[in-house]
Amino acid sequence: MAVDTLLETPRTRAAPLRATKLRVNNLKKQYGQLQALRPTSLEVGNGEFLTLLGPSGSGKTTLLMMVAGLTAPTSGEIWIDGRIATDLPPQKRDIGVVFQNYALFPHLSVYENVAFPLRMRRLDNATIDREVKRLLDIVELSKMADRLPRELSGGQQQRVALARCAVYGPSIILMDEPLGALDKKLRDQMQMEIRHLHKRLGATVLYVTHDQGEAMTMSDRICLMRDGGIEQLGTPAELYHQPRNRFVADFLGGATFLKGTIAGEDEDFVIVEQHGQAPFKALRPVSKFTKGEAVQCMIRPQNLSVSRGQSAGLNVLSATVTDSVMTGTMTEHHVRLADATTVVAVEFTTASSLPRQKGESVQLTWRPADTISFVGSDLK
Amino acid sequence: MSAVDQLARPVNPFRIKLSGGILLLPILAFLFIFFIYPLFSMLAISAFDRSGALTFDFYRQALGGRTWSIFLNTLSISLWVTLFTVLLSYPVAYYLATSKGRSTNLILIIVLLPFWTSALVRAFAWMLLLGRNGVINSTMVNLGITEVPADLLFNLFSVLIGMVHALMPIAVLSMLATMQNIDRNLHSAAATLGAEPGDTFWRVFFPISFPGVASAALVTFIVSMGIFVQPSLLGSPRETMVAQLIIQQIDELYNWGLAAAVSVMVLVLSVIIILIFDKLLGIASISGTQQAGGASGKAMRSITAALGTATVAVSRAIRRALPQRKVKEGAFRWVLAVPTLLIVLFLAAPTFFLVPVSFTGSSFMEWPPRGFSLQWYEAYFTSPVWREATVRSIIVALVTATASLAIGVPAAFALTRSKFKGKAIVLPYILLPIVAPNIIVALSLFYYFSSIGLVGTDIGLVIGHTVFAVPYVVLTMIATLSIYDQRLDQAAWTLGATPLTTFRLITLPMIKVGFVTSFLFAFVRSFDEVTVALFISPGLSTTLPKRMWTEAHHSVEPTLAAVSTILIIMVILVITASELLKRRGLGR
């Protein structure tokens, strides 16, 4: 599945056009009965940071390992720089891989780990020394050069792995959950370092993670995967604002889903009816629909607001406050609708905004244009 | 990681071409030609007479009279040996599995010491300890406890002691393998749930460790049925076991048919016991991965629950009887530590009595040694017979170790790294020589070699020893390779190293400890081996253990103590070296 062109609207910034660096064509991997990757096609532009995002078992690591040449595909092709690379051994692909557990050689010092790829390329000692020192400088580990990997902290090991991968300037860098083993604070810091390194090296990066926040922070484009196939491919904004289906909407950040049936149409919108509640307007579903069909509408929490009055043109539902929490920058209002659905609305904390009282009756309002609706198979 | 991500285990592009088959072919062919085929062709002669006609004569002989009573005798001795071995090994294994620190490592080394020491040396030690002029009798007479020396040697008692002593290290190791996998948090969890130590042990630890106990018992029983060194050196004719009978039939009577028939009976019995074991516990429990379930599991749960209740009741009663003193946390450990130390002493101490005796001025193995003299060392070093035997043993052991590594290491790589059909049966097939009674394997090799002219040759010895050594090499290398992170290899490939360079610069330096350990293992197996040597190196071209065995039957001179002392020192050096290597490997 390629990018759904229907979703290209002026509101989102399309990825800049680049020359194709990596092309995956109908690539498939089968393990006995199990299809780890359904026939998948994908293009990655030169210098692009593309993230393969998805839950465990979605096939993202399988895809990455086949690009690396460490797993043999069942069928399909891999093209790098316009040349077919499907059967090339990993050392001939001009790639660098940062492994999940770093895979630093435990018997070699930090210096020798970083020097390893240069020694494999038979460079002279002076060049090796210069390049290793330059990279260790960049990752700020010059003082650790003589240590063994196990004498470093997790974050330092991670930086050695990055240095080792970057030192020989591979044109494609593959990263398999490289930050999975780090704690939150270190992870945030390393995310910025990796972005920085990416810009500085100008390399193409294929990055695997199951963390949506990480994917949104770092990527030019995200390829969201599930059950061995691509669900949606696009910029973080596209995936966030125009999810193709419920799975994508749910995976990318908080979302409220309201269930109902389609009662009618109104230009760009459909009228959604809920049992025992006022009807509201939502954007037309992308897929074909019929009147009376079951529909689910997704609204992001920051697009919902809680008020006493009404405003023209907005959707309105009556609700009861169950809890109201000020978390800092944001204030969260937990409300319950007439059909017992609980919804979270988030707004900026300001001097004038006060937490709502528990049990208070309020109106939940939001713009019809912020309401994405899914029908049929998109609900799965 | 999910199942899919794990299945996406990367493949070395070169390995696709060199998949399992080619790496496994040498070992599979070797074991077929020199283990399976000789075994079956020897077994066939139990049912055919000289003219080639089918006959049950040999079985009729085997099932009647003296042979049958020896068979039953073997069963009963093996059962007793199994019982005592398991009972004595459990506390040691438990202590090793649940303690940490320096002392644990030391105890493990002490347990391993007899494992590496020649069975003959250990039997000599018991002869010295239990003999009429031995350590125990002299001490008792000197202290005035008895006036005449007691008859401690050449009876059922001495045979049992010698065999239990010989088999305990294997039993401890196989129990330890299961116990080390038991999560230590289970103890804490049980304690927070209100279980007292007695309850925790019987209701939690023991049931989980049971598969280890069962497999230790299985291995002990099967191995003891094929033993002949201890009953022959430490027992009287009444303790004759089938292995001795087989040797007798071949050496003295040349009755191949009867020897083969007895072998078949032992093998069939072994298979039946393994099948019963499999039925009750599942063969997977040998590796400690499966739990007893069903009816037998239920029965065991009620037994262990009763034992738990009883233990708790006893410990409460003791605490009530001593109300003024608080029972300390560590008390339970001390109750365990003292018997453990005694058992470990029983394992390690006996051989060291041979050391002073080797310097005796007297010409008998007796205690206490008289005077000081180096004559027995001189006798050893100046005798061409001893020297030749020693040199032959060293050369044969070196070649055996090299050959075992050459065919065992590729097999271990194939078994840990590639997937192929029939993998599940390849490992048991390779490990068969460990489980099959040595005497039968040696006998079948003798029969086969006599038909192809390899009897009495060093190459024949090497082949025979490799059959026994290669399973240990495969096991050790699998253990090394299964903890080796293959992503290191992949990292090297992606960084530009060819598969060969990767092996040289990354894989090899990291698995070299496993290599050296395997080599030492195979070397010692061969150097100590006496069963194959007994049949295949007759006459003057003998090995060191064979020479010791012959000597022990002629005259028990202190030369044996001198040779034993040299072997003990060698074992200590080997163990120290491998411990140092291990520590360096861990980077401490």
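Definitions and limits used
Residues numbered from 1 in each chain as written. Chains lettered and ligands numbered in written order. Predicted model: local features only at pLDDT ≥ 70, side-chain atom pairs only at ≥ 80, totals over all residues. Helix = DSSP H or I, 4+ residues; strand = E, 2+ residues; numbered from the N terminus. Buried ≥ 20, exposed ≤ 12 C-beta atoms within 10 Å, placed from the backbone. Contact = placed C-beta atoms within 7 Å. Domains from an automatic or database assignment. Nonpolar A, V, L, I, M, F, W, Y, C, P; charged D, E, K, R; others polar. Pairing = 2+ DSSP bridges. Axes fitted to C-alpha atoms, helices over the stretch in contact; angles between N-to-C directions. pLDDT = per-residue confidence, 0-100. Core = buried A, V, L, I, M, F, W, Y, C linked by C-beta atoms within 7 Å. Left-handed = near helix turned anticlockwise from the far one by under 90°.

Participant: Teacher, can you tell me more about the overall build of chain A here?
Facilitator: Helices and strands together make up the secondary structure of chain A, namely eight helices and 20 strands. Seen through its C-alpha atoms, chain A measures out along the principal axes to roughly 75 × 50 × 40 Å. In chain A, buried positions account for 43% of the 380 residues. Residue pairs at least 24 apart in sequence account for 67% of intrachain contacts in chain A once pairs closer than 6 positions are excluded.

Participant: How should the domain arrangement of chain B be read in this particular structure?
Facilitator: Accessible area lost on assembly of the parts is the figure often given for the size of an interface. Residues and elements named next belong to chain B. You can read the domains of chain B as domain 1 (56–194 + 211–292 + 333–352) and domain 2 (374–588). Between the C-alpha centres of domain 1 and domain 2 there is a distance of 22 Å. Taken together, the contacts link 27 residues of domain 1 with 23 residues of domain 2. Only α6 (102–116), α7 (119–130), α11 (197–225), α12 (229–234), α13 (242–251) and α14 (256–281) provide two or more residues apiece to the side of domain 1 that touches domain 2. In the side of domain 1 that touches domain 2, the residues fall into 21 nonpolar, six polar and no charged.

Participant: Sorry if this is basic, but what is going on with the sheet that holds strand β1 (residues 20–31) of chain A here?
Facilitator: The strands making up a sheet are joined through hydrogen bonds of the backbone, oriented either antiparallel or parallel. Residue and element names in this part refer to chain A. The four strands lie next to each other as β2-β1-β4-β5, forming an open sheet whose pairing is antiparallel. Looking at strand neighbours, the two that pair on one side only are β2 (34–45) and β5 (83–84), the edges of this open sheet. Across five bridges, the pairing between β1 and strand β4 (residues 75–80) is antiparallel. The residue bridging leucine 22 from the neighbouring strand is isoleucine 80, located in β4. Across the sheet, helix α1 (residues 60–68) lies against β1, β2 and β4, angled at about 120 degrees from β1, the strand it touches most.

Participant: I would appreciate a short explanation of the pairing of strand β14 (residues 294–299) of chain A in the present structure.
Facilitator: Two faces make up the sheet, and in a regular strand the side chains alternate between them. Residues and elements named next belong to chain A. Of all the six residues making up β14, five are buried; the element is thus mostly covered by neighbouring parts of the structure. Relative to strand β20 (residues 372–375), β14 runs antiparallel, the two being bridged by four bridges. For valine 295, the partnering residue across the bridge sits in β20 and is valine 375.

Participant: Just to check I follow, could you spell out the confidence of the model for chain B for this structure?
Facilitator: The predicted structure's coordinates, where accompanied by low pLDDT, should not be read in detail. Residues and elements named next belong to chain B. Overall, the predicted model of chain B reaches an average pLDDT of 82, with 87% of residues at or above 70. Element-level pLDDT for chain B is lowest in helix α1 (residues 3–7), with a mean of 39, against a maximum mean of 92 in helix α19 (residues 384–417). Long-range and interchain partners of residues 1–17, a stretch whose pLDDT sits below 50, account for 37 contacts in this model, where long-range means more than four residues apart. The model gives residues 284–295 a pLDDT under 50, and that stretch makes 19 contacts with residues more than four places away or in other chains. Scoring the predicted complex yields pTM 0.73 and, for the interface, ipTM 0.71.

Participant: Hey, could you run me through the nonpolar core in this one?
Facilitator: Soluble globular proteins tend to pack their nonpolar side chains together in the buried interior. All names here are of chain B. Counting 145 residues, the largest nonpolar core has Ala93, Ala411 and Leu443 as the members making the most contacts within it. Residues lining this core come from more than one domain, with at least three contributed by each of domain 1 (56–194 + 211–292 + 333–352) and domain 2 (374–588). In this structure, leucine 443 is in contact with Met42, Ile246, Ile250, Ala259, Ser263 and Phe535, ignoring residues within four places of it in sequence.

Participant: I'm lost on the packing of α7(B) against helix α9 (residues 156–179) of chain B in this one. Help?
Facilitator: How two helices sit against one another is set out by the angle between their axes and by the gap between those axes. Residues and elements named next belong to chain B. Direction vectors running N to C along α7 and α9 enclose 140 degrees, while the axes themselves pass 10 Å from each other. Classified by chirality, the crossing of α9 by α7 is right-handed. Between α7 and α9, the contacting residues are Ala119, Arg122, Ala123, Trp126 and Leu130 on the first element and Ser158, Ile161, Gly162, His165 and Ala166 on the second. A class-by-class count of the residues in the contact of α7 with α9 yields six nonpolar, three polar and one charged.

Participant: Help me understand the sheet that holds strand β16 (residues 315–326) of chain A in this model?
Facilitator: Residue and element names in this part refer to chain A. The strand order β15-β19-β16-β17-β18 describes an open sheet built from five strands, whose pairing is antiparallel. A single partner strand is all that each edge strand has here, and the edge strands are β15 (305–307) and β18 (342–348). Taken pair by pair, the neighbouring strands of this sheet meet at an average axis angle of 45 degrees, ignoring direction. Here seven bridges tie strand β17 (residues 330–337) to β18, and the two strands are oriented antiparallel to one another. Bridge pairing in β18 places threonine 331 opposite glutamate 347.

Participant: In this structure, what is going on with the pairing of strand β13 (residues 277–283) of chain A? I would like to understand it.
Facilitator: One ladder, built from five bridges, connects strand β12 (residues 269–274) of chain A with β13(A); its direction is antiparallel. When the sheet's bridge partners are listed, A:Val272 is paired in β13(A) with A:Phe280.

Participant: Honestly, unusual backbone geometry in this entry has me stumped. Any pointers?
Facilitator: Here the bond from B:Trp367 into B:Pro368 is cis, since omega is -10 degrees, no more than 30 degrees from zero. As for its placement among the helices and strands, B:Pro368 is situated in the loop between α17 (354–357) and α18 (375–382). The residue A:Ala103 is not glycine, and still its phi comes out positive at about 50 degrees. Its place among the elements puts A:Ala103 in the loop between β6 (95–98) and α2 (110–120). The exposure class of A:Ala103 is buried, given the 25 C-beta atoms found within 10 Å. Here A:Asp227, not a glycine, exhibits a phi torsion of approximately 50 degrees, which is positive. Structurally, A:Asp227 is set in the loop between β9 (221–226) and β10 (229–234). According to the C-beta neighbour criterion, A:Asp227 is partly exposed, with 16 such atoms within 10 Å.

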